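Next come the chains, spelled out residue by residue.
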Amino acid sequence: MSESSLFATFKSYIEQEQSVTLATVVRGPDGLLGAKALIPANGPLLGPLLDTPWRDKLIRDAQLLMREHSSATRRYEDDSIEVFFDVNRPPSRLIIVGAVHIADALIHFARPLGYKTYLVDPRTAFATPERFPHVDAMVHAWGDEALPQIGLNSETAVVVITHDPKLDDPALKVALPSPAFYVGALGSPKTHAQRVERLLGEGLAPEHLNRLHAPIGLDIGGRTPAEIALSIIAEIVAVHNDVQLGERLPVSG
Amino acid sequence: MKDVLEHIENWQAEGRQIAVATVTQTWGSSPRGPGSKMVVNDKGEMFGSVSGGCVEGAVVQEALQVLSSGRPKLLHFGVADEMAWEVGLACGGTIEVFVERLDW
């Protein structure tokens, strides 16, 4: 098997944590059984199924299923051919900036929901393996350095909870313009208003600030770190599932 | 796919022939959804799962045949006992599993 085989390419997309769909004929004429097409979210299409008369429909179905995050079969040519679409998407990530109490509970909630968890804090006295034995990865760096290093894709949620503008702001300046599907920051409405003013003054675009979830989390009356973490993770799940959570007041530039 | 990649790599390094079995469709209750995979090598070793453990043995036998014939096959497993489904046993329901040689 050469390194340029369809399987090798498929495998490299999965290893690089990129969305990719493998379409395979599972029902149909003998000559076509097992024939494939590789349809990545970003990258060139490959494989013999792209030479069929129904390629456009096949590609459209693959893209729809990737959006729904579901693997399924579809039929072509008067139902004489059945194709299985094996949809592979990267694991969701939760990046927490701030090794505070809320982070501990957030990691606990996020892992069974399928999130790979990252804890970012340059303060090595706070971010210790003893305090956070359950986190998948710990990064001792400032947010503006750590976030690009971890990588911000459309399956990434970023939660900024240090309560210290010195630590929060650099992370927000990187996270807000990125493809991350969720960016939230802890703080009262007053703290948030000051933050907005500060970040606008530093040149962050109003449309980027508008997508910041602040005050963070669903309003469930949370007071303890665990309750606040629950409200944050619930909001992340809702946003990931495309649930409308009510309008936020826009930020004017 | 990710869960079986490591086994595929190890077996490829050993020069083994490999079959991949993938759940393509399910009806009723089934513990493993579409896309679930198991891999089988030409020694009959297996990894992964396509059900709650009820059809894996049969899939290994079919996979060995597919390895020797080179022809992919779509397998259909249903419940023998309707009652099994009604009482919600993990192995109720019906699944289809596509088995192919990893030669692409």
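First, a word on scope: everything that follows refers to the structure included in this document.

Calculation criteria
- Residues numbered from 1 in each chain as written.
- Chains lettered and ligands numbered in written order.
- Predicted model: local features only at pLDDT ≥ 70, side-chain atom pairs only at ≥ 80, totals over all residues.
- Helix = DSSP H or I, 4+ residues; strand = E, 2+ residues; numbered from the N terminus.
- Buried ≥ 20, exposed ≤ 12 C-beta atoms within 10 Å, placed from the backbone.
- Contact = placed C-beta atoms within 7 Å.
- Nonpolar A, V, L, I, M, F, W, Y, C, P; charged D, E, K, R; others polar.
- Arc of directions from axis to C-beta.
- Core = buried A, V, L, I, M, F, W, Y, C linked by C-beta atoms within 7 Å.
- Expected span 1.5 Å × (residues − 1).
- Pairing = 2+ DSSP bridges.
- Axes fitted to C-alpha atoms, helices over the stretch in contact; angles between N-to-C directions.

This paragraph deals with the overall build of chain A. What chain A contains, in helices and strands, is eight helices and 10 strands. The C-alpha extent of chain A, read off along each of the three principal axes, is 65 × 40 × 35 Å. Out of the 253 residues belonging to chain A, those deemed buried represent 38%. Summarising the internal contacts of chain A: among those between residues at least 6 apart in sequence, 55% fall at separations of at least 24.

Taken together, the contacts link 18 residues of chain A with 14 residues of chain B. Within the residue set of the side of chain A that touches chain B, elements represented by two or more residues are helix H1 (6-15), strand E1 (20-27), strand E3 (72-76) and strand E4 (81-88) of chain A. Class assignment of the residues belonging to the side of chain A that touches chain B gives a composition of eight nonpolar, six polar and four charged.

Our focus in this paragraph is helix H3 (residues 101-110) of chain A. Residue and element names in this part refer to chain A. The set of residues buried in H3 consists of Ile102, Ala103, Leu106, Ile107 and Ala110. The buried residues of H3 all sit within an arc of 135° when viewed along its axis, so they share a single face. Against strand E5 (93-97), strand E6 (116-120), strand E8 (156-160) and helix H8 (225-240) lie the buried residues of H3.

Our focus in this paragraph is the nonpolar core. Counting 48 residues, the largest nonpolar core has Ile96(A), Leu106(A), Val158(A), Val159(A) and Ala175(A) as the members making the most contacts within it. For this core, the elements supplying multiple residues, two or more each, are E5, H3, E6, helix H4 (143-150), E8, helix H5 (165-175), strand E9 (182-185) and H8 of chain A. In contact with Ala175(A), other than residues within four places in its own chain, are Leu147(A), Leu152(A), Val158(A), Ala180(A) and Val183(A). Within the second largest apolar cluster, 44 residues are counted, among which are Val25(A), Met1(B), Val39(B) and Val50(B).

Residue and element names in this part refer to chain B. When the terminal C-alpha atoms of helix H1 (residues 2-13) are compared, their 17 Å separation across 12 residues agrees well with the 16 Å that a helix rising 1.5 Å per residue should span. By the burial criterion, the buried members of H1 are Val4, Ile8 and Trp11. Down the axis of H1, the smallest arc covering the buried residues is 70°, so these residues share one side. Of the residues in H1, the exposed ones pointing more than 90 degrees away from the buried face are Glu6, Glu9, Asn10 and Ala13. On its buried face, H1 sits against strand E1 (18-27), strand E2 (37-41) and strand E3 (46-48).

Take the sheet that holds E1(B) next. Residue and element names in this part refer to chain B. Pairing is antiparallel in the open sheet, where five strands are placed in the order E3-E2-E1-E5-E4. Looking along the sheet, the strands with just one partner apiece sit at the ends: E3 and strand E4 (73-77). Strand after strand, the sheet turns through a mean of 20° between neighbouring axes, direction not considered. Alignment of E2 against E3, held across three bridges, turns out to be antiparallel. Counted as the bridge partner of valine 39 is phenylalanine 47 from E3. Of the strands in this sheet, E1, E2 and E3 touch H1, which is tilted by about 15° from E2. Running over the sheet, helix H2 (residues 56-69) touches E1, E2, E3, E4 and strand E5 (94-101) and is turned about 30° from E5.

Below, the discussion takes up the environment of Lys57(A). Residue and element names in this part refer to chain A. If you trace the backbone, lysine 57 turns up in helix H2 (residues 55-68). On the neighbour-count criterion, lysine 57 (14 C-beta atoms within 10 Å) is partly exposed. When the C-alpha atoms of lysine 57 and arginine 195 are compared, they prove to be 48 Å apart, with 138 residues separating the residues in sequence.

A few words on the sheet that holds E4(A). Within a sheet, adjacent strands bond to each other through the backbone by hydrogen bonds, running parallel or antiparallel. Residues and elements named next belong to chain A. What the four strands build is an open sheet, ordered E2-E1-E4-E3; its pairing is antiparallel. Looking at which strands have only one partner, the edges of the open sheet turn out to be strand E2 (36-40) and E3. Direction aside, neighbouring strands of the sheet carry axes that sit 25° apart on average. The sheet contact formed by E1 and E4 spans seven bridges and is antiparallel. For leucine 22, the partnering residue across the bridge sits in E4 and is aspartate 86.

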